[in-house]
Amino acid sequence: MNFDEIKKRAEFLRKEIEKHNYLYYVENNPQISDLEYDLLLAELESIEKQYPELKSKDSPTQKVGSDLSKGFQTKKHPYAMLSLSNTYSIEEIQSFITRTLKIVDRKPTFVCELKFDGASISLHYRNGELVEALTRGDGEFGDDVLQNILTIPNIPPKINCEYDFIVVRGEIMMHRDIFQKLNEERIKQNEAPFANPRNAASGTLKLLDTQTVAQRNLQCYLYYLLGEQIHLATHFERLEQLKKWGFNVPQWSTRCENLSDIENFIQYWDNERHKLPFDIDGIVIKVNEIDLQEQLGYTAKSPRWAIAFKFKAEQATTKLISISYQVGRTGIITPVANLEPVQLSGTTVKRASLHNADQIMLKDIRIGDYVIIEKGGEIIPKVVGVDFARRPEGLEKFNFITHCPECNTPLIRNEGEAAHYCTNYYCPPQIKGRIEHFVSRKAMDIEGLGTETIDELVSKKLIYNPADIYKLTKFQLLTLEHFADKAADNLLKSIEQSKQVPFPRVLFALGIRYVGETIAQKLAYSFKNIDNLINATYEELIQTEEIGDKIAQSVIQYFQEQDNQTLIKELKEAGLQFSLKENNLIVSEKLKGMSIVITGTFPPPYNRKKMEELVIQHNGKLVKSVSKSTSFIVAGEKPGPDKMELAQKYGIRIMNQQEFLNILEN
Ligand code: IVH
């Protein structure tokens, strides 16, 4: 590769890594395994090492991924929250020890710990009282999720400690049995299941409703104590101190003298880890003596006094018999591998995910191949590659289907997207999927319309689209199997009640591609009623908080379709809520006609989310970027520099939180 190509490769890797950081930390929906991610990062690191001119401060090799999200106050970490350097080989543990010995002035000891696969948390105790609980965020700033943390029973809100200020760090975990139950429940309610317990734990921490958090049975394991006033000389003694204060410190942490002790610990846990009630993804090895830790110091991203040995996800090889296709409610086609049954991590696997056509092509997967499958804590295992040495002769190159397997409509592929779509509105799995989504708990919350009933109603041609639900009669329901008088009455009652569901949820229920719960809320708050939204231009849409090109296009496309227009007309006639005002969300008209930009973070009681709500409640319009037509800007701490600059350029008033609150009071 010449320099230009290497430069391009580095840019590509940076973008890929940023994308996967976002999927992992923000969306809680990782799409590649840790190993695949670590390989991308290692490649970028090696390029940057060889060509320092390609290194930049904002490269993902120099910073940790960010989980910062809206709705929480962002606060600065008193001690940066770094990540750990990773390895998959014992040789590198040996190099870690050798490197360590070269730097420190006497022989260190080590502590080996489990590497908990959850969401990290930093607990701040002032005079013994838990005052803040920050997520890792971008390592420098984290989101304060204290209210959620206070619902976790094994985190003490008060401790008997003489220090002014201490920081206790650990991992928020969801045990596997709880995770399984939660997912079963979600599937029953037609909600998307979490991919693994880690995603479930970090998704739960970011919920804005503490009651739901409390029901999720999270656990916390603590492994790190920091504070200016703490003079305990070793990490191990600090763990003991944490135990005395009543923290849940894992009992498995072990002092080790040398590589052989460390190797034994690794071996033991690689075999035994499945017996734990939660997931671990490796072992952490830490230098025990605090003064030696200080001598070793830190790189931009991680301490030099610790390293993580990561377990490889368990893999198995088996024959790919055929590929089938699932059609989702928005028409997305997902290829699924049908496999010769094989044992993997204690379960028999017959099916595995193939993601999309690009992935199949990239990995050159062919029917008849021996494929390598992997289970990385996810529910459905995935095909990660082909064992080419075992490829039988004459296997044909795989071709993705061109027509929908359910209704034979030609498939389309949008530019820049990996997925294939079926565009037939009346394709049966889409009809069913749309209705399942529509009635789900977070949407219209219609109880008594489970998957089987929907299947029956659709196959008996009693319903085609969600509006038909409102035309169902008791007589029709009684013709269904297993539907007695009481069940029919209950269902009709639940259908009637759903007419009171507020507009944001109705909008979410429509199932517009990329319009999840939060986006539906933003759109509803911004446009106030469905007619405004239907008539919104592309420019107006992308002015809305969190709405970008992809969502704006999707919304416009949705309302352009005749079938959707008919659906909305019918739903309106049925009496559903299609505007905000009817729900008394608007408390005053003080900000009517004003376009307002909120930027930066804000102190309680009105955090960023509250501030945004205030704009909506007073009938203002929340916009995300500054233009000539912006009425004013409310700036908090760390406001967006671009926004401030534009405001000055256009002479738009910038006010602080208090000035804004004063307007609302007068
Ligand atoms: S110590 C300065 N110990 O792994 C590093 N981290 O990949 C302090 N983790 O962000 C972290 N188990 O969330 C430490 N026994 C353990 C851990 C652990 C899990 C997580 C932690 C950290 C991430 C780094």
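So, how was this worked out
Residues numbered from 1 in each chain as written. Predicted model: local features only at pLDDT ≥ 70, side-chain atom pairs only at ≥ 80, totals over all residues. Heavy atoms only, no water. Near = heavy atom within 4 Å. Polar contact = N/O pair within 3.5 Å; in protein donor to acceptor, adjacent residues only side chain to side chain. Areas by Shrake-Rupley, 256 points an atom, 1.4 Å probe, with all protein chains shown as cover. Helix = DSSP H or I, 4+ residues; strand = E, 2+ residues; numbered from the N terminus. Nonpolar A, V, L, I, M, F, W, Y, C, P; charged D, E, K, R; others polar. Expected span 1.5 Å × (residues − 1). Buried < 20%, exposed > 50% of the residue type's maximum accessible area, 1.4 Å probe, protein only. Arc of directions from axis to C-beta. Pairing = 2+ DSSP bridges. Axes fitted to C-alpha atoms, helices over the stretch in contact; angles between N-to-C directions.

Q: What exactly am I supposed to notice about the site of the ligand here?
A: Surveying the vicinity of the ligand reveals 14 residues, the closest of which are Glu 113, Leu 114, Ser 120, Glu 171 and Tyr 223. Between the ligand and the protein, one listed contact pairs a nitrogen atom with a backbone N or O atom of Leu 114 at 3.0 Å. Glu 171 is positioned such that a nitrogen or oxygen atom in its side chain is 2.7 Å from an oxygen atom of the ligand. Protein chains shield 91% of the accessible area of the ligand, which is 520 Å² for the free molecule. Elements supplying a minimum of two residues to the shell around the ligand: β3 (110-116) and β10 (280-287). Tallying contributions element by element places β3 first for the shell around the ligand, with four residues. For the shell around the ligand, the per-class residue count stands at seven nonpolar, two polar and five charged.

Q: In this structure, what is going on with helix α22 (residues 562-574)? I would like to understand it.
A: For an α-helix, the turn length of 3.6 residues means that residues three or four places apart are oriented alike. With 13 residues, α22 should reach 18 Å at 1.5 Å per residue; the first-to-last C-alpha distance of 18 Å fits that figure. Here α22 has its buried residues at Asn 564, Leu 567, Ile 568 and Leu 571. One face of α22 carries all of its buried residues, which in axial projection span an arc of 95°. Across from the buried face of α22, at angles greater than 90 degrees, the exposed residues are Gln 562, Lys 569 and Glu 573.

Q: What is the right way to look at the sheet that holds strand β8 (residues 219-226) in this model?
A: In a beta sheet, neighbouring strands are held together by backbone hydrogen bonds and run either parallel or antiparallel to one another. Across the sheet, four strands lie side by side as β5-β4-β7-β8; this open sheet has antiparallel pairing. Single-partner strands in this sheet number two, and they are β5 (129-135) and β8. Each adjacent strand pair in this sheet contributes to an overall mean axis angle of 30°, direction not counted. Where strand β4 (residues 119-126) and β5 come together, six bridges link them in antiparallel fashion. Bridge pairing in β5 places Ile 121 opposite Thr 135.

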